[in-house]
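What the coordinates show
In case you want the letters, here they are:
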Amino acid sequence: MLIHSNAAGKLDRVVHTKRLTPKGAATRQRIIEGTSVEVRERGAAATTLDDVCARTSTSKSQIFHYFPGGKEELLLAVAAYEADRVLADQEPYLSSLTSWEAWQNWRDLVVRRYRKLGVHCPLGVLITELGRKTPAAQALTGQLLERWQGQLRAGVTAMQTAGQISPSLDADRIAAWLITAVQGGVAVLLSTGKSDHLEAALDTSLALLRAKPELLHVGASQDPT
C-alpha cells in the first residue's frame, strides 16, 4: 500500500490491487469525505470508526473492506483528499500567477481559506497526529509540497520573464520561501486562532518581491553588486 500521484495530479492511497466498481469507488469516497467532516469537527484523535459509520451510513465491515488498515489507513486517505483540496482551494489564481494582481488575489484566497478553517485545519491536524515520521505521511506531505512549489515556481518564472522579479533569483527557492511563509503563518494560526502572522508573512514576502527584488539574494546566480 502506498501513496502516489495519479494521472490527474491528485494524491491517492492504493489499498487494493483490484479495481473498484463505480459503486465501490463512490462508497469509498463517501467514507473519506464523511471522515473529513468528522476530523474538522472533532479532530483526528477524537474521531472514531463509529462516528464515521454514523456520518456515512456505512458499517465497520465496509470501512475495513476499503481500508484494511483500519483508522490509520482511513486517516491517510483523508489526508490525501485534504492535500488535494489545499491546492484546489487556491484556484483559479495558483495556476495563473502572471501579474501582481493575480498574486494579490492568491494571497487573499489563502488568507481567507485558513481564516475560515481556523484551528480546524484538517490536513495540519492529520499530519501532526499521524506522525511526520510515518513513511506514508512523509510521502504525502512531500508530494503536496512538490506540486505546490512547482506551481509557485511557474508563477515566479512568469514574473521574471515579464521583468517584474529579478531574473538573478532562484525561482525554486523563492517558491519554497513562499510556502514556508504560508506554513509558518498557519502554524501560528493553529496555535492562536489568529491569522495575523500568516497575513504579515505573505504581505512582507510579496512587498519585497514587488518593490525591492534586488534585496533578495535567495539562491542568486550572481551578486548584483
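Moving on, we come to the packing of helix α5 (residues 100-117) against helix α8 (residues 171-192). How two helices pack is summed up by the angle between their axes together with the distance between the axes. At a closest axis distance of 11 Å, the pairing of α5 and α8 adopts a crossing angle of 25°. Comparing the axis directions of α5 and α8 gives the class roughly parallel. Handedness of the crossing formed by α5 with α8: right-handed. Residue-level inspection shows Trp103, Trp106, Val110, Tyr114 and Arg115 of α5 in contact with α8, the latter providing Leu178, Val182, Gln183, Val186 and Leu189. Counted by class, the contact of α5 with α8 contains eight nonpolar, one polar and one charged residues.

With that settled, the discussion passes to the pattern of salt bridges. In the structure shown here, the tally under the stated rule is 14 salt bridges. Salt-bridge contacts for aspartate 89 lead to arginine 113; the nearest nitrogen and oxygen are separated by 2.9 Å. One end of the pair, aspartate 89, is in the loop between α4 (71-88) and α5; the other, arginine 113, is in helix α5, with 24 residues separating them in the sequence. For aspartate 89, a relative accessible area of 32% gives the class partly exposed. A salt bridge links arginine 115 to glutamate 199; the nearest nitrogen and oxygen atoms lie 2.8 Å apart. Residue arginine 115 is located in helix α5, and its partner glutamate 199 is located in helix α9 (residues 196-211); the two are separated by 84 residues in the primary sequence. A single salt-bridge network, built from bridges that share partners, covers Glu38, Glu41, Arg42, Asp51 and Arg55.

The next point concerns unusual backbone geometry. Cis peptide bonds are those with omega within 30 degrees of zero, and the linkage from glutamate 91 to proline 92 qualifies with 15°. Positive phi, close to 55°, is recorded for serine 57, a residue that is not glycine. Inspection of the secondary structure puts serine 57 in the loop between α2 (49-56) and α3 (60-66).

Reading the values: rules and limits
Residues numbered from 1 in each chain as written. Predicted model: local features only at pLDDT ≥ 70, side-chain atom pairs only at ≥ 80, totals over all residues. Heavy atoms only, no water. Axes fitted to C-alpha atoms, helices over the stretch in contact; angles between N-to-C directions. Helix = DSSP H or I, 4+ residues; strand = E, 2+ residues; numbered from the N terminus. Parallel < 35°, antiparallel > 145°, perpendicular 65-115°, else oblique. Left-handed = near helix turned anticlockwise from the far one by under 90°. Contact = heavy atoms within 4.5 Å. Nonpolar A, V, L, I, M, F, W, Y, C, P; charged D, E, K, R; others polar. Salt bridge = Lys/Arg side-chain N within 4 Å of Asp/Glu carboxyl O. Buried < 20%, exposed > 50% of the residue type's maximum accessible area, 1.4 Å probe, protein only.

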